[in-house]
Amino acid sequence: MNLLKLDQVDVGFGKNTIVDDVSFTLAEGDIGCLLGPSGCGKTTLLRSIAGFEPVRRGSIEIRDRLVSSPAQLIPPEKRNVGMVFQDFALFPHLTVAENISFGIRNDSSSEQAQRVNQLLQHVALGGYGNRYPHQLSGGQQQRIALARALAPRPQILLLDEPFSSLDADLRESLATEVRALLKSEGITALLVTHDQQEAFAMADKAGVMYHGRMLQWDTPYELYHEPTYHLVANFIGHGVLLRGAITAEQKVLTPLGLLHGDEVPDNAAGEQVDVLVRPDDIIIDDSSERRATIVGKGFRGAHYLYTVELTDGTQVFCMSSSHHQYSLGSEIGLRLNIDHLVLFPAGFCET
Amino acid sequence: MKPILKIIFVVAVLAGAIMLLTPRNEVESVNVYSSRNEGLIKPLLDEFTAETGIKVNLLTGSGDGLLTRLENEGRNSEADLFLTVDAGALHRAKSAGLFQPVQSEMLNQSLPAQLRDSDNEWFGLSLRARTIFYSNERVDPSELSNYLALADEKWRGRICVRSSDNLYNQSLVASMIAHHGEAVTEEWARGLVANFARKPVGGDRDQLHAVASGQCDLAIANSYYYGGMTASTDQASIDTVNKVSLFWASQNDEGTHVNVSGIGLLRHAKNADAAIKLIEFLASESSQEWYAQANQEFPVRPGTELSPILQNWGAFKADPLPISQLGENNANAVRLMNRAGWR
Amino acid sequence: MPSPNQTRRSYKSLPEQAICLLRSYSLPFVAIVICLPLIVVAAAFFVGLIGAEQRETLAHLWQFVIGEYIWHTFVLMIGVGFLVSIMGVSAAWLTTVCEFKGVSWLRWALLLPLAMPAYITAYTYSGMLSFEGPVQRMLRELTGWQFGDYFFPDIRSLTGAILVLSFVLFPYVYLITRAAFIEQSRAALEAARTLGLSPTKSFWRVALPMARPAIATGVTLALMETLADYGTVQYFGITTFTTGIFRTWYGMNDQIGALQLASILLSAVVVLMVIERISRRQSQYHSVGRSKHCVRPFQLTGLKAVLAFVACFIPVLLGFILPALQLLAWSYERLHVWLQPDFIALIRNSLILAISASVITVLVALWLCYGKRRIPTPLTRASINFASLGYAIPGVVIAVGVIVPFAWLDHKIIYIAEHFFNLNPGLLLSGTIFALLFAYLVRFLSVSIQTIDSGLSQISNAMDESGKILGLNAQQILARIHFPLLKTSLLTATILVFVDVLKELPATLILRPFNFNTLAVRAFELAGDERLAEAGPAALMIVLAGLIPVIFLSRAMQARHSRNNQAAVTPKAEEIYEPVKA
């Protein structure tokens, strides 16, 4: 069932619209993610789901119960949503155990103690109950913040850029741990981030937001391989858009050659399109006839990301295992390895 | 390194400038430490400067503060004269060896002997009486007699007096110690405190106003405050004077307690000649008249005409107790007042 | 070939070595000099226990008056502490988190009572509420009552002192608590709401406890000022340690006794200081988090908005507006006074003192702060801490602690001067404004140090190093990097000391030299002589000067507030997404 449902939600004040006509649903037990650059409105959207921002149009329902609409706003304390903040927001004057049990303070003390211990075990910080937040490291504080939000068994857990204030290596391991924890508890969660890797690691469903609009709400795989908008294609992963023309035989003529696929529409001969070409779609094959020159080179650890310039001057990206490296300026051969075509109408456009 | 040296240099220059710029006088001048408020003495001092051209530098403060300062300064004091509002301070200054005798025919002739020091170390300039004031409406003067009677139970909750911090009260108590001994005085003080209508607050004028407004029926205050109010055009003062009358205390006993405001030449005065001229000026006819007419104080120079207000109060018997005894007993008086709970 | 050891020794020339030595020991030396009054006062306590006569005095004091001093001081502190907490915290909360009509004006208006020295507020209320004053007179006219018919409380009482001091000192709590509320992680409050607390409950259970250290700091500052107050309690007839010190020193001519009382007062101050330091340290832990989002303030309307406005307005009204009006009324009746030469002399004296004191204090503070920066050893830090103690020490204690050693020193100097140079320089230290300036230095150094230190901390060592690499020598770094960045702090520090000196009363009373009355002294003398109304012009001048730092402070607050409220700039789409490579 759908735990969270947003329908044509607008959020804004005065003349500013911060969230513009957003609709999506999140099934129970899924982890969702709102992805986008700073200022695209994702945090505001998250906060409106929490109940901190009112909704100007549309509706938000949690478990089929209307919580936000222009007519009514159920306050955050009555929504039973959990929230983890970017700066952890632990209460500095309370111990770790007191922080965690803050949301369940009306339970009996034995129940509280039990739940606190259980959660501390889950986040691998058993025995830290009597410490104070300022005695913990950043990663530890984040885990306590998570435990605190989970303690009252919220219907949905909202996470606002939860890992952005942590070190890079910590981020990845923590992201995996948190996903495992949420899945094991069966908790529905919605995460906000500007980091694609995080989104891919954690989310079952992700939405790319831009200027308040939700461009596409899909699994990460689909977002990567089947973006529906230029902007999504540009935001997710690396790649270039090659201008091409549809030929009479339902193929697309591009600087990289003739491409064909089921996605090419019928009866569209002569139309200009943009084809999405990812670095992994291009393979270096010295036996190929198509030649290109390497004009840029970036070491990525397991592979090199080359910028290669085709004979007609178009530049594309290409990946190759780093066991062998090609030097700048050398000529190489390219071969395409595209499974399916991703086409957009020609020209960059606002959605 | 260098900027710090620069800073040191600047500081040193500033410090030097401050020390040097503190006024050193080129003009002939006299330096006076005075516990009389500026306003009450400045007109006379300005007169003096106008007549003689000698500049007068004045430092005001509490009498004890100035005394302590003089003691600390010792030989190096800048002060030439010490002007006080009460005799206790004069006596203490003399005992501390701060004064030097002044040989002046004019002063010896102008002032009666009991109002100047036997060794000519200090000279009284004006006299003030500390007596009982009562409410016209609620008190019959026949109920009043002397200070001791104020401790009587019938006055419970009806008396207003200012704090024991004040010199005038300390002198009064000192005089009572001299007359009646410590034991009796302490008992009297306790009784008096029990008769307070309120905790001591405000100055003498406040006590008089309190009697007028009905907060209490009796007050102890200095005569010139009442005199000043009588001469005033301020409505509140006029109201008070209409409702409150003066009673000369202890006329059948030791006499009303009096105190002098006086002056003495300091031992290490640098401008002794000019200073003596100032003392003589203050004891002269015109100055004494000013005290009497403008300040409503009793002049020390016999034959000076009293203001109509002073004349109105009638003659009274003043306590002939040697003024020196007021100073001798002062410290004891303070302790006694502490013990009696007179705040 | 010179051996390695020889080379190392000759690396620094003799003058350089001397300067090095001077630098490393100058700071502790300066700190000790500044602490001299405290040492004297503390020492006197023990000296007093030695002489039999002094013991007797102490016994007398203990038996009769110290109990009362302790009781009055205790009641004052409890009363003032309670009132300033309530007024300060509620004002801070309402102006930080809520929006209602008039709140932006109130935010800085709540600082206005800082411009009023407590004793002047005391004088104005005495005048206003006395039997002959306007309030009671109007009451009698309206009702026809006479005395005895109605009960009108006397402001000149312990309760009155508590009220007056609270209305003057609550801005300390207001300022510090407000800063804490602003810096608090907004997210913490929102977290509390997601955990089930309503807005009101989240104030009591989260915001308030998180601000507790800040509140404690503000309250202890207010209490230190309460302990230091002389003018108010003296005028209201309340016997406390400060009045006791004056009385014992002067009335009983007992310096040692007075010093002993001072040391008892000092111990109470020390307790407060310890509490304050602890809470300052705690508040560091409590400001966790830097959330980007500005929490939307509660919009208050209707009755709630009116109540909020009134609640915040009353302290301003009672702490500043009414007293200021009374001062204006008194001064208006005496316009001619302003042009009289002796009044102008008063102003000149006050200005001389204030300007010299502020310049000297700021220079010393600069010296100390740079010393800490260059030689960051524990010894240096301790020196600065000790030098900063003065803010907590009552002026009267500092004054009595200054005069004794200075007088002694003066006599020695004169002795030497006369014996070796055959000239008498007079009382160089205790006879000039030097003693007074030194007392001001001791008392107000800490506020300069704090201001300059925070300014200096914005200039990181990395900036110095960048300057060096770019070819600037030490002086140029100071002139071209430090000075422009420090300008504001220096100015602020100078102004703060300037105004504090203008307002200062007890130390000035004790230490001032010849012909040197200040505005504060004049107001005090006139009030003491029951000529309150005549004290109006002098008092008004002090308050006008006191407004200057208030204006600065409020401007700084406005700037920060508008910075917080600016919406984040949205970058253009083209800047984010890679343009099409066509």
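Scoring rules and cut-offs
- Residues numbered from 1 in each chain as written.
- Chains lettered and ligands numbered in written order.
- Predicted model: local features only at pLDDT ≥ 70, side-chain atom pairs only at ≥ 80, totals over all residues.
- Helix = DSSP H or I, 4+ residues; strand = E, 2+ residues; numbered from the N terminus.
- Buried ≥ 20, exposed ≤ 12 C-beta atoms within 10 Å, placed from the backbone.
- Contact = placed C-beta atoms within 7 Å.
- pLDDT = per-residue confidence, 0-100.
- Domains from an automatic or database assignment.
- Pairing = 2+ DSSP bridges.
- Axes fitted to C-alpha atoms, helices over the stretch in contact; angles between N-to-C directions.
- Parallel < 35°, antiparallel > 145°, perpendicular 65-115°, else oblique.
- Left-handed = near helix turned anticlockwise from the far one by under 90°.
- Expected span 1.5 Å × (residues − 1).
- Bend = angle between axes of the 7 residues up to and from the residue.
- Nonpolar A, V, L, I, M, F, W, Y, C, P; charged D, E, K, R; others polar.

Q: Looking at this structure, I do not really get the overall build of chain C. What am I missing?
A: Secondary structure summary: chain C contains 23 helices and two strands in total. Residues classed as buried in chain C amount to 47% of the 582 residues present. Intrachain contacts of chain C at a sequence separation of at least 6 include 83% that bridge at least 24 residues.

Q: Just to check I follow, could you spell out the confidence of the model for chain C for this structure?
A: Fine structural detail should not be taken from predicted coordinates in areas where pLDDT scores are low. All names here are of chain C. With 85% of its residues at a pLDDT of at least 70, chain C reaches an overall mean of 80. Of the regions scoring below 50 in pLDDT, residues 1–10 engages in one contact with residues more than four places distant in sequence or in other chains. Below pLDDT 50 for its whole length, residues 566–582 participates in 20 contacts with residues either more than four positions away or in separate chains. Note on the complex model: pTM 0.76, ipTM 0.74.

Q: Looking at this model, I keep getting lost on the domain arrangement of chain B. Mind explaining?
A: Frequently, the measure chosen for interface size is the accessible area removed from exposure when the parts meet. Residues and elements named next belong to chain B. Entries for chain B in the domain assignment read domain 1 (2–127 + 259–306) and domain 2 (128–257 + 316–340). Domain 1 and domain 2 are separated by 29 Å when their C-alpha centres are compared. Facing 19 residues of domain 1, the contacting portion of domain 2 comprises 18 residues. For the side of domain 1 that touches domain 2, the secondary-structure elements that each account for two or more residues are α4 (87–95), β4 (122–135) and β8 (257–265).

Q: Which parts of the structure should I look at to understand the sheet that holds strand β8 (residues 188–193) of chain A?
A: Note on sheets: strands pair through backbone hydrogen bonds, and any given pair is parallel or antiparallel. Residue and element names in this part refer to chain A. Spatial strand order, β6-β7-β8-β3-β9-β10: six strands in an open sheet with mixed pairing. Unpaired on one side and paired on the other, β6 (81–84) and β10 (213–218) mark the two borders of the sheet. Pairs of neighbouring strands in the sheet enclose a mean axial angle of 20 degrees, with direction left out of account. Across four bridges, the pairing between β6 and strand β7 (residues 156–160) is parallel. Within β7, the position partnered with Val81 by the bridge is Ile156. Relative to the sheet, helix α4 (residues 138–150) contacts β6 and β7, its axis offset from that of β6 by approximately 170 degrees.

Q: Teacher, can you tell me more about the sheet that holds strand β11 (residues 240–246) of chain A here?
A: All names here are of chain A. The five strands are arranged β13-β12-β11-β14-β20 in an open sheet whose pairing can be described as antiparallel. One side of each edge strand has no neighbouring strand; the edge strands of this open sheet are β13 (257–260) and β20 (343–345). For this sheet, the mean inter-axis angle between neighbouring strands, taken without regard to orientation, is 40 degrees.

Q: Which parts of the structure should I look at to understand the packing of helix α14 (residues 341–374) of chain C against helix α15 (residues 378–387) of chain C?
A: Axis angle and axis distance: for two packed helices, these are the angle between their axes and the distance between the axes, and together they describe the pair. Residue and element names in this part refer to chain C. Orientation of α14 relative to α15, taken along the N-to-C sense of each, is 155 degrees, at an axis distance of 9 Å. It follows from the interaxial angle that α14 and α15 lie roughly antiparallel. Relative to α15, the crossing made by α14 is left-handed. Residue-level inspection shows Leu368, Gly371 and Lys372 of α14 in contact with α15, the latter providing Thr380, Arg381, Ile384 and Ala387.

Q: Sorry if this is basic, but what is going on with the environment of Arg335(B) here?
A: Position of Arg335(B) relative to the elements: it lies in helix α14 (residues 330–340). Expressed as a C-alpha distance, the spacing of Arg335(B) and Thr240(B), which sit 95 residues apart in the sequence, is 33 Å.

Q: What's the story with the arrangement of the chains in this structure? I'm lost.
A: No other pair among the two pairs of chains in contact exceeds the contact count of chains B and C. The two partners chain A and chain B share no contact, and the minimum distance between any of their C-alpha atoms is 40 Å.

Q: What's the story with the pairing of strand β14 (residues 272–277) of chain A in this structure? I'm lost.
A: Remember that side chains alternate between the two faces of the sheet whenever the strand is regular. Residue and element names in this part refer to chain A. Buried residues dominate β14, accounting for five of its six residues. Note that β11 and β14 share six bridges and pair antiparallel. Within β14, the position partnered with Arg243 by the bridge is Asp274. Of the strand pairs in this sheet, β14 and β20 are connected by three bridges, and their pairing is antiparallel. Note on β20: the bridge partner recorded for Asp274 is Phe344.

Q: Even after reading the chapter, I still don't get unusual backbone geometry, so can you show me in this structure?
A: Trans peptide bonds make up the majority, and among non-glycine residues the majority have a negative phi. Positioned with a positive phi, His211(A) is a non-glycine residue whose angle comes to about 50 degrees. Within the secondary structure, His211(A) sits in the loop between β9 (205–210) and β10. Its 20 C-beta neighbours within 10 Å are what place His211(A) among the buried residues. We note that Gln296(B) has phi near 60 degrees; this positive angle belongs to a residue other than glycine. Residue classification places Gln296(B) among the buried residues on the basis of 24 C-beta atoms within 10 Å.

Q: Is there a simple way to explain the pairing of strand β19 (residues 331–336) of chain A in this structure?
A: Residues and elements named next belong to chain A. Bridge analysis of strand β15 (residues 282–284) against β19 gives three bridges, and the strand direction is antiparallel. Counterpart to Ile283 in the pairing with β19 is Arg335. Of the pairings in the sheet, the one linking strand β16 (residues 291–299) to β19 comprises three bridges and is antiparallel in character. By the bridge assignment, Arg291 is partnered in β19 with Gly333.

Q: What is the right way to read helix α7 (residues 158–183) of chain C from this model?
A: An α-helix turns once per 3.6 residues; consequently, residues spaced three or four apart project the same way. Taking 1.5 Å as the rise per residue, α7(C) with 26 residues should run 38 Å; its terminal C-alpha atoms sit 37 Å apart, in good agreement. By the largest-angle criterion, Val168(C) marks the main kink of α7(C), which is about 40 degrees, and a proline, Pro171(C), follows within four residues.

Q: Can you help me understand the domain arrangement of chain C in this one?
A: Residue and element names in this part refer to chain C. With domains assigned, chain C is organised as domain 1 (39–330) and domain 2 (334–517). Distance from the C-alpha centre of domain 1 to the C-alpha centre of domain 2: 27 Å. The interface of domain 1 with domain 2 comprises 22 residues on the first partner and 14 residues on the second. Of all the secondary-structure elements, those providing two or more residues to the side of domain 1 that touches domain 2 are α2 (14–48), α9 (199–228), α11 (241–251) and α12 (255–286). When residues in the side of domain 1 that touches domain 2 are grouped by element, the largest group, eight residues, is from α12. Residue classes in the side of domain 1 that touches domain 2 are distributed as 20 nonpolar, two polar and no charged.

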